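# Topology and contacts: notes
Each chain is listed here by its residues.
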Amino acid sequence: MRIRTTAAAITGATLLLALVGCSSEPDNKPETKPSRTTSSAPADPEAAAQACSDEVYAHISAGNQLGADEPRPDACTNIPEADYLDTLLAITQQVNKNNREDLEQEIEDAASADTNE
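Note that this is a predicted model, so its numbers are computed, not measured.

Parameters and conventions
Residues numbered from 1 in each chain as written. Predicted model: local features only at pLDDT ≥ 70, side-chain atom pairs only at ≥ 80, totals over all residues. Heavy atoms only, no water. Helix = DSSP H or I, 4+ residues; strand = E, 2+ residues; numbered from the N terminus. Areas by Shrake-Rupley, 256 points an atom, 1.4 Å probe, with all protein chains shown as cover. Disulfide = S-S within 2.5 Å. Buried < 20%, exposed > 50% of the residue type's maximum accessible area, 1.4 Å probe, protein only. Core = buried A, V, L, I, M, F, W, Y, C linked by side-chain atoms within 4.5 Å. Contact = heavy atoms within 4.5 Å. Salt bridge = Lys/Arg side-chain N within 4 Å of Asp/Glu carboxyl O.

### Focus on the overall build of the protein
Looking only at helices and strands, the protein features 3 helices and 0 strands. Helices and strands in the protein line up, N terminus first, as α-α-α. Summed over its atoms, the accessible surface of the protein is roughly 8,300 Å², and 53% of this surface lies on carbon and sulfur atoms.

### A word on the state of the cysteines
Inspection of the entire model under this criterion finds 1 disulfide. Between the sulfur atoms of cysteine 52 and its disulfide partner cysteine 76 the distance amounts to 2.0 Å. The chirality of the disulfide connecting cysteine 52 with cysteine 76 is right-handed, given an S-S dihedral of about 105°. Of this pair, cysteine 52 sits in helix α2 (residues 45-61) while cysteine 76 sits in the loop between α2 and α3 (81-115), placing them 24 residues apart in sequence. Taking relative accessible area as the criterion, cysteine 52 reaches 1% and is therefore assigned buried. Its relative accessible area of 0% is what places cysteine 76 among the buried residues.

### Looking at the nonpolar core
Core analysis: the biggest nonpolar cluster contains 11 residues, these being Ala48, Cys52, Val56, Ile60, Leu66, Cys76, Ile79, Tyr84, Leu88, Ile91 and Val95. If you list the elements that add at least two residues to this core, you get α2 and α3.

### Some points on the side chain of serine 53
Along the chain, the position of serine 53 falls in helix α2. Excluding residues within four positions of it along the chain, serine 53 makes contact with Thr87 and Ile91.

### Some details on the pattern of salt bridges
For the coordinates displayed, the defined rule picks out 2 salt bridges. Between glutamate 81 and arginine 72 there is a salt bridge whose closest N-O contact spans 2.6 Å. We classify arginine 72 as buried; its relative accessible area is 10%. The shortest N-O distance in the salt bridge between glutamate 101 and lysine 97 comes to 3.4 Å. Remark: lysine 97 and glutamate 101 occur in helix α3; sequence separation between them is 4 residues, near one turn of the helix. Overall, the relative accessible area of 39% leaves glutamate 101 in the partly exposed class.

Right, here's the structure in full:
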């Protein structure tokens, strides 16, 4: 019972820290910023939107800063501002959800390992 309470407390604290953006990594690590060079965007608007989503996902998954004030990734230069911001928000939420699920699974695995000892 105590392990479950502790695991729940750890999960809650970790999720709270993840939501407010705290990190144990130093802020002085070098960042990979997207370049401002323009690339030839696909003629198909859906393909352009998918290419933008893929590039935004790659940047955010790698832990790079990518916000409304940051330079856009190459694949997003021809996307309207509102669509880009919607993509940025949706991808950020998806990456956060994936990270929370991974963390919860690690906590469950650790808790079950403790009970099996």
